[in-house]
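Listed below, chain by chain, are the residues.
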Amino acid sequence: MSPHATAQHFELLDLHPAPTDVSKAVIDGLKRTPKQLPAWLLYDRQGSALFDAICQQPEYTLTRLEKELIGSQAQAIAEALPAEALVVEFGAGSAEKVSPLLGAMDKPSYLAIDISAEHLQEAGTRLQERHPSIPMLGICADYSQPLELPLPKAWQSKPMVGFFPGSSLGNFEPDAAINFLQRIRQLLGENAQLLIGIDQPREPSLLEAAYDDNAGVSAAFAKNLLLRLQRDLAIELDPEPFTYQAAWEPKHQRIAMTLVANSPQTWTIGASRIPFAAGEALITEYSYKYAPSDFLALAAQAGWQGSQRWSDADDHFSLHLLTQGDDARMNA
C-alpha cells in the first residue's frame, strides 16, 4: 500500500475493534459510589447530534476558541514541527480542526484514528477533498486500548506528531489521563511530539454556564443517556424525575455533570436491581480543567515535557506542544 500513490483517495483500514460490553459497563458504573457511567455512553447518534448543537451554544466557547487558535497559529505551530511529519489524530471525529495545520505544514501525511468507521470515512473523505495532495489514511480502532499502528512502509520512518484536540483529556480522571498519555507516547515511539488542546480554569459561573446552557441543550444531552439505556438495554427506569446539574468543584478543578433523582426509584437491569434515593446523583461526565503548570506536571508523569504553548487572548484555552522527556527516551 503506497500512500503517495493514493494521495487523492482517503483509504480506511478497519481493525474491527471489539464491541464494548455495554450492559456490564452500565452495571459496574451503577454499583460505584457515587454512581458514575462511562462518558462514551453519551454519544449514540442522537447524543452526538446534541453535542454538536452544544458546541454552537453561545455559552460553550471551547470549540470556537480552539478552532480560532489553531487557525491563527497554524503557521507558527507548523514551523515548530519537522518537515514531512506524519500527523496522527486520536478521536478524529469530524477531522475539521486539523485542516489549517495540515495546510501550513511542509509535506505532511495524515493518519486519523476513530472508533466509528462510518464517521471516519465521511470525515476523511471531506478532508482529503480539501487537501488533495496530502497522503491520508484512516484506521478504525479503539485508541483507548493498547494498539499497534499498521503503517504503510513509506510512512514508517517519518517523524510522528500526535494530535489530540478538544480538551478531551479533561474527560479522563487524572490517573487515567496519565495512563492515556503514556500509551500515546509508546504508540508514537521515541522522539515523537504531541500537540494537545487543554481547557483552563476560569470564572466558575462561566464554566457552569458552558455546561448548562440557557437553551437546555446540555440537559437534553445528559437526559438522552437515560433514553439510550431504556432503548438499548431495555432498562426499566423513569427518565422524567431526574434534574440535570453542572457544578464547578474547585477542590478537583473540574466540572461535574450529573443527573439527580428527584424521587426514589429502582432500575431493573436483567437480574440486577439498582436503587436510587431521592437527591442521589448519577455522574454522567467530568471535565477537568488544567492551568498550564498543572497540565505540564501531569504530562511529565507520562514522560512528556512542554516545548511550546499557544493560548487565546484571554488565556482560557491552551495548545501545548510536548516532546518526550529525557527519562522517557531512556526508557523507550
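Residues numbered from 1 in each chain as written. Predicted model: local features only at pLDDT ≥ 70, side-chain atom pairs only at ≥ 80, totals over all residues. Heavy atoms only, no water.

## A few points about unusual backbone geometry
Keep in mind that most residues, glycine aside, have a negative phi and that most peptide bonds are trans. To keep things clear, this is the line we draw: We count a stretch as a helix when DSSP gives it H or I for four or more residues in a row; a strand needs E for two or more, and each element gets its number in order from the N terminus. The buried label applies to any residue whose accessible area, calculated with a 1.4 Å probe on protein chains only, is under 20% of its type's maximum; exposed applies above 50%, and partly exposed to all values in between.
The omega angle of the peptide bond from Thr33 to Pro34 is -5 degrees, so this bond is cis rather than trans. Its location among the elements puts Pro34 in the loop between helix 1 (22-30) and strand 2 (35-36). Non-glycine residue His16 carries a positive phi angle of around 50 degrees. Under the relative-accessibility criterion, His16 is labelled exposed at 61%.

## Let's talk about the packing of helix 2 (residues 45-54) against helix 8 (residues 217-233)
For any two helices packed against each other, the geometry comes down to the angle between their axes and how far apart the axes lie. Cut-off, in case you're wondering: Here an angle of 0 to 180 degrees is reported between the N-to-C directions of two axes, which are lines fitted to C-alpha atoms, with helices fitted over the stretch in contact. The labels follow the angle: roughly parallel below 35 degrees, roughly antiparallel above 145, roughly perpendicular from 65 to 115, and oblique for the rest. A crossing counts as left-handed when the near helix is turned anticlockwise from the far one by less than a right angle, and as right-handed when that turn is clockwise. Here a residue-residue contact requires only that any non-hydrogen atoms of the pair lie within 4.5 Å. By the convention adopted, Pro, Cys, Tyr, Trp, Phe, Met, Ile, Leu, Val and Ala count as nonpolar, Lys, Arg, Asp and Glu as charged, and the other residues, Gly among them, as polar.
In contact at an axis separation of 9 Å, helix 2 and helix 8 are set at 165 degrees when each is read in the N-to-C sense. By the angle between their directions, the pair helix 2 and helix 8 is classed as roughly antiparallel. In terms of crossing hand, the pair formed by helix 2 and helix 8 is left-handed. Listed contacts from helix 8 to Gln46, Gly47, Leu50, Phe51, Ala53 and Ile54 of helix 2 are Val217, Ser218, Ala220, Phe221 and Asn224. A breakdown of the residues in the contact of helix 2 with helix 8 according to their chemical character gives 7 nonpolar, 4 polar and no charged.

## Quick look at the nonpolar core
Worth spelling out the cut-off: The set of buried Ala, Val, Leu, Ile, Met, Phe, Trp, Tyr and Cys residues whose side-chain atoms join them within 4.5 Å is what this entry labels a nonpolar core.
Core analysis: the largest hydrophobic core is formed by 67 residues, its most contacted members being Leu30, Tyr110, Tyr211 and Trp267. Broken down by element, the residue count for this core peaks at 7 residues, all from helix 3 (residues 62-79). Counting 36 residues, the second largest nonpolar core, distinct from the first, contains Val88, Ile139, Leu298 and Trp304.

## Section: the environment of Gln121
With respect to the element layout, Gln121 can be found in helix 5 (residues 117-130). Looking at Gln121, the relative accessible area reads 28%, which means it is partly exposed. As a C-alpha pair, Gln121 and Thr258 span 137 residues in sequence and 33 Å in three-dimensional space. If sequence neighbours within four positions are ignored, Gln121 has contacts with Phe10 and Leu12.

## With respect to the packing of aromatic side chains
Working definition: an aromatic ring pair is given by the centre-to-centre distance plus the angle between the planes. Selection rule: Pairing of aromatic rings covers Phe, Tyr and the six-membered ring of Trp, with a centre-to-centre limit of 6.5 Å; geometry is then stacked below 30 degrees between planes, edge-to-face above 60, and tilted otherwise. Both a distance and an angle decide whether a charge sits over a ring: NZ of Lys or CZ of Arg must be within 6 Å of the ring centre and within 35 degrees of the ring normal.
In this structure the tally under the stated criterion is 16 aromatic pairs. Considering the side-chain rings of Tyr43 and Phe221, the 5.4 Å spacing of their centres and the 65 degrees angle between planes classify their relative orientation as edge-to-face. Pair noted here: Tyr43 is in the loop between strand 2 and helix 2 and Phe221 is in helix 8, with a separation of 178 residues, a long-range link. Take Tyr43: its relative accessible area is 32%, and that puts it in the partly exposed class. Residue Phe221 is classed as buried on the basis of its relative accessible area, which comes to 6%. Where Phe51 meets Phe221, the ring centres are 6.0 Å apart and the plane angle is 45 degrees; that geometry is what we call tilted. On the criterion of sequence distance, the pair formed by Phe51 in helix 2 and Phe221 in helix 8 is long-range, its members being 170 residues apart. The class of Phe51 is partly exposed, set by a relative accessible area of 24%. Ring-pair connections join several aromatic residues into one group, and the members of that group are Tyr43, Phe51, Tyr60, Tyr211 and Phe221. Between Lys35 and the ring centre of Phe276, over which it is positioned, the NZ or CZ distance is 4.8 Å. Between the NZ or CZ atom of Arg254 and the centre of the ring of Tyr286, over which it lies, the distance is 3.8 Å.

## A closer look at the confidence of the model for the chain
As a reminder of what qualifies: What pLDDT conveys is the predictor's confidence in a given residue, as a value from 0 to 100.
Averaged over all residues, the pLDDT of the chain equals 92, while 95% of them reach at least 70. Across residues 1-7 the pLDDT falls below 50, and counting only partners more than four positions away or on other chains, this stretch makes 15 contacts in the model. Counted against residues more than four places away or in other chains, residues 328-332, with its pLDDT under 50, gives 6 contacts.

## Here's the deal with the pattern of salt bridges
Inclusion rule: Salt bridges are defined as contacts in which a side-chain nitrogen from Lys or Arg sits within 4 Å of a carboxyl oxygen from Asp or Glu.
This model, assessed by the stated rule, comprises 11 salt bridges. Here Asp44 makes a salt bridge to Arg231, at a shortest N to O gap of 2.9 Å. Linking Asp44 in the loop between strand 2 and helix 2 with Arg231 in helix 8, this pair joins segments that are 187 residues apart in sequence. In this structure, Arg231 and Asp232 form a salt bridge, with 2.9 Å as the shortest nitrogen-oxygen distance.

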